[in-house]
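This is what each chain is made of:
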Amino acid sequence: MIAITALKSMPPGPALRDRLALVLLVLFAFSAWSMTAIANVALALLVLLLLLDGYGAGGRWRRDPALWLLLAGILLTTLLAWRAARLFPDLAAQQWSAIAGWIRPLLFVVPAWWLRGDPVRIRWVLVAALLGLLVGVLQRSDGDDLAAILALLRGRVGFDARGDFGFTALGLGFLVSIALLGFFSFWREMTRASLGGRPRPLLGWGLWITGVVILLAILLVLQTRGAVLALALVILVSLLARARAALVQRGGTRWRLALPLLGALPILALAGAVLWTSGDRIAGDVAALTQPDAQGHYDYGSSSGTRLNLYRIGVALIRERPLLGWGPGTRGPLDLVPAGVLDWSDYDRAHAPEWAHLHSVPIEIWVRFGLPGLVLGGLFLALMVQSYGVMRRRAQDPPLSRFLRLGGIMTLLFCLYDFRLIRVDFGFFFVLFFGILYSFRFAPSAKADPAAGTGP
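Report on the accompanying structure. (Residues numbered from 1 in each chain as written. Predicted model: local features only at pLDDT ≥ 70, side-chain atom pairs only at ≥ 80, totals over all residues. Heavy atoms only, no water.)

For the rest of this paragraph, the subject is the overall build of the chain. Looking only at helices and strands, the chain features 21 helices and 2 strands. Burial statistics for the chain: of 456 residues in total, 50% are counted as buried. For the chain, contacts bridging at least 24 residues in sequence account for 74% of all contacts bridging at least 6. Of the roughly 21,500 Å² of accessible surface on the chain, a fraction of 67% belongs to carbon and sulfur atoms. (Helix = DSSP H or I, 4+ residues; strand = E, 2+ residues; numbered from the N terminus. Buried < 20%, exposed > 50% of the residue type's maximum accessible area, 1.4 Å probe, protein only. Contact = heavy atoms within 4.5 Å. Areas by Shrake-Rupley, 256 points an atom, 1.4 Å probe, with all protein chains shown as cover.)

Our focus in this paragraph is helix H16 (residues 303–320). Between the first and last C-alpha of H16 there are 26 Å, a value that for 18 residues agrees with the 26 Å anticipated at 1.5 Å per step. Taken as a whole, H16 has its buried residues at Gly305, Thr306, Arg307, Asn309, Leu310, Ile313, Gly314, Leu317 and Ile318. (Expected span 1.5 Å × (residues − 1).)

Let us now look at the layout of surface pockets. One number sums up the size of the largest pocket: a volume of about 1,000 Å³. Taken together, 29 residues line the largest pocket, and the ones lying closest to its centre are Arg123, Leu126, Val127, Leu130 and Met190. Going through the elements one at a time, helix H8 (119–140), helix H10 (169–185), helix H11 (187–191), helix H12 (201–222) and helix H21 (424–438) are the ones with two or more residues in the lining of the largest pocket. Top element by residues in the lining of the largest pocket is H8. It accounts for 10 residues. In the lining of the largest pocket, the residues fall into 24 nonpolar, 3 polar and 2 charged. (1 Å grid on protein atoms, 1.4 Å probe; cavity = no way out; pocket = protein on both sides within 12 Å on 5 of 7 lines; lining within 4 Å. Points joined across faces, edges and corners; volume = space filled by probe spheres on them. Nonpolar A, V, L, I, M, F, W, Y, C, P; charged D, E, K, R; others polar.)

Turning our attention to unusual backbone geometry. Unlike most non-glycine residues, Arg116 shows phi in positive territory, near 55°. Summarising the element assignment, Arg116 is placed in the loop between helix H7 (109–115) and H8. Relative accessible area serves as the criterion here: at 17%, Arg116 is assigned to the buried category. Backbone geometry at His359 places phi at a positive 60°, although glycine is not the residue there. Tracing the backbone through its elements, the reader meets His359 in the loop between helix H18 (346–351) and helix H19 (361–394).

Closest axis-to-axis distance for the H19/helix H20 (residues 398–417) pair is 13 Å, and the angle between their directions is 170°. Considered as vectors, H19 and H20 are oriented roughly antiparallel to each other. Contacts between H19 and H20 involve Val361, Pro362, Tyr388 and Met391 from the former and Ser401, Leu404, Arg405, Gly408, Cys415 and Leu416 from the latter. Class assignment of the residues belonging to the contact of H19 with H20 gives a composition of 7 nonpolar, 2 polar and 1 charged. (Axes fitted to C-alpha atoms, helices over the stretch in contact; angles between N-to-C directions. Parallel < 35°, antiparallel > 145°, perpendicular 65-115°, else oblique.)

Our focus in this paragraph is the nonpolar core. Within the largest apolar cluster, 107 residues are counted, with the highest numbers of intra-cluster contacts made by Trp33, Phe108, Leu172, Leu404 and Tyr438. Judged by nonpolar contacts, the second largest core, of 16 residues, contains Phe88, Leu317, Ala352 and Ile363. (Core = buried A, V, L, I, M, F, W, Y, C linked by side-chain atoms within 4.5 Å.)

Here we come to the side chain of Asp348. In this structure, Asp348 sits in helix H18. Look past the residues within four positions of Asp348 in its chain and what remains in contact with it is His297, Tyr300, Arg312, Ile313, Val337 and Pro353.

Turning our attention to a nonpolar patch on the surface. A grouping of Val41, Leu45, Leu48 and Leu52 is seen on the molecular surface, where their side chains present a nonpolar patch of about 340 Å² in accessible area. Here Leu48 is to be found in helix H3 (residues 36–57). What makes Leu48 partly exposed here is its relative accessible area of 46%. (Patch = residues over 30% accessible without salt bridge, like charges linked within 9 Å, V, L, I, M, F, W, Y side chains within 5 Å. Salt bridge = Lys/Arg side-chain N within 4 Å of Asp/Glu carboxyl O.)

Along the chain, the position of Ser34 falls in the loop between helix H2 (16–31) and H3. Here the side chain of Ser34 touches Phe30 through a polar contact of 3.2 Å, landing on its backbone oxygen. (Polar contact = N/O pair within 3.5 Å; in protein donor to acceptor, adjacent residues only side chain to side chain.)

In the structure shown here, the tally under the stated rule is 9 salt bridges. One salt bridge connects Arg121 with Asp18, and the closest N-O pair in it is separated by 2.5 Å. Placement of the pair is Arg121 in helix H8 and Asp18 in helix H2, with a sequence separation of 103 residues. When its relative accessible area of 9% is taken as the criterion, Asp18 is described as buried.

Along the chain, Val125 turns up in helix H8. Classification of Val125 as buried rests on a relative accessible area of 2%. Apart from residues lying up to four places away in sequence, Val125 is in contact with Leu25, Ala29, Leu115 and Leu432.

Turning next to the packing of aromatic side chains. All chains considered together, the criterion is met by 25 aromatic pairs. With centroids separated by 5.7 Å and ring planes inclined at 70°, the aromatic side chains of Phe108 and Phe380 adopt a geometry described as edge-to-face. Taken as a pair, Phe108 in the loop between helix H6 (92–103) and H7 and Phe380 in helix H19 lie far apart in primary sequence, 272 residues in all. The class of Phe108 is buried, set by a relative accessible area of 0%. (Phe/Tyr/Trp six-rings, centres within 6.5 Å; stacked < 30°, edge-to-face > 60°.)

Moving on, we come to H6. If you check H6, its first and last C-alpha atoms are 18 Å apart, about what 12 residues at 1.5 Å a residue would give, namely 16 Å. Residues of H6 that are buried in the fold lie against helix H5 (65–87) and H19.

By the element assignment, Gly435 lies in helix H21. Each C-alpha atom, one on Gly435 and one on Ile122, is 9.8 Å from the other, the two residues being 313 residues apart in sequence. Among residues more than four places away in sequence, those in contact with Gly435 are Phe108, Pro111, Ala112, Leu115 and Phe430.

And the structure:
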């Protein structure tokens, strides 16, 4: 239904392939976190349509840097998987199966090609993604999650009342925080909704408030401090920047100055509520960080202590094989610590294998891919920085630009303290979010912009 409505909103005359791609994009966004099998099929069909359309685009498509980044990622991951399969025969199947997870995030060029910076298409995709996320939460929730919500309503929230709604808490917390960022960025559009050509402010405000309350409740039950603090940080910085602009702007009223500052209050309240509900965990982190043992080990029972221990293990693995790493499918704490590839302590041997990854994207890439992986990651970051410049020059859409800027900062922060890059949930987010950002390089008006490459 969403896809059909999106098609009706398009101007007449687009090619059949382009219209079919929009249906698949909306379907992919809706099913990314609720029906992943359908999402994979939709993404595969979009790849097929892109190959057909890209062939028609001729040399323009072949010169696009994202295509070469994708091809380089496939080649590098395959070669290092082959090398690791020979070095660790017991992990051979694991190396080959990891290729798809590492390649998935680089498919952001697929939705980018079909979105082409079109604000109407982008908004339909964002709405479909939000609805799909809520459907996924509803599908996977169970009695424990309901009990956690009831405990929240009664003010009895603690670690024992923490829910996950069928997802991993950190993964869902990040997605929900991005959704809340969208409500913050597009609040004017959402509260000025119209129906049948007539403005319906009550309907708009009702939908906006309902959505914010639902997402806040999910975030409070998850108690994901990193996601909440990152969200609070970027929104507060944005609000302070707007307040400063209102202050220096000639003719600025006190209300224009006070409005951003008033908007900071609920954000501070949210951060305070999450920190209050996770007070026991914070106390455990403080105790762990101030009491390392003689060997520099921290308590694996705390989240901060666990991360510091895993970072230390990652650095040791990097020092041992800094050039080509240990393989795309090799999990440091779960595979290499029990295997005794280095002289691990008994404490690490007992507790590190409880974790499947090192909780940091940069460290994980260096451990698994070595220096070539860091180079590839650096090229991706450089391409995205350039894409933000293209968006700034070409996009006449302040709410969308704000969402993509702040969302990019939140994604970067998340990658520093967790590793979900090769998981389906974060991989699909990566494809959609950076696909939207990169799509401005394919906007028709980008032809005259040398930095933007060539549009279709």
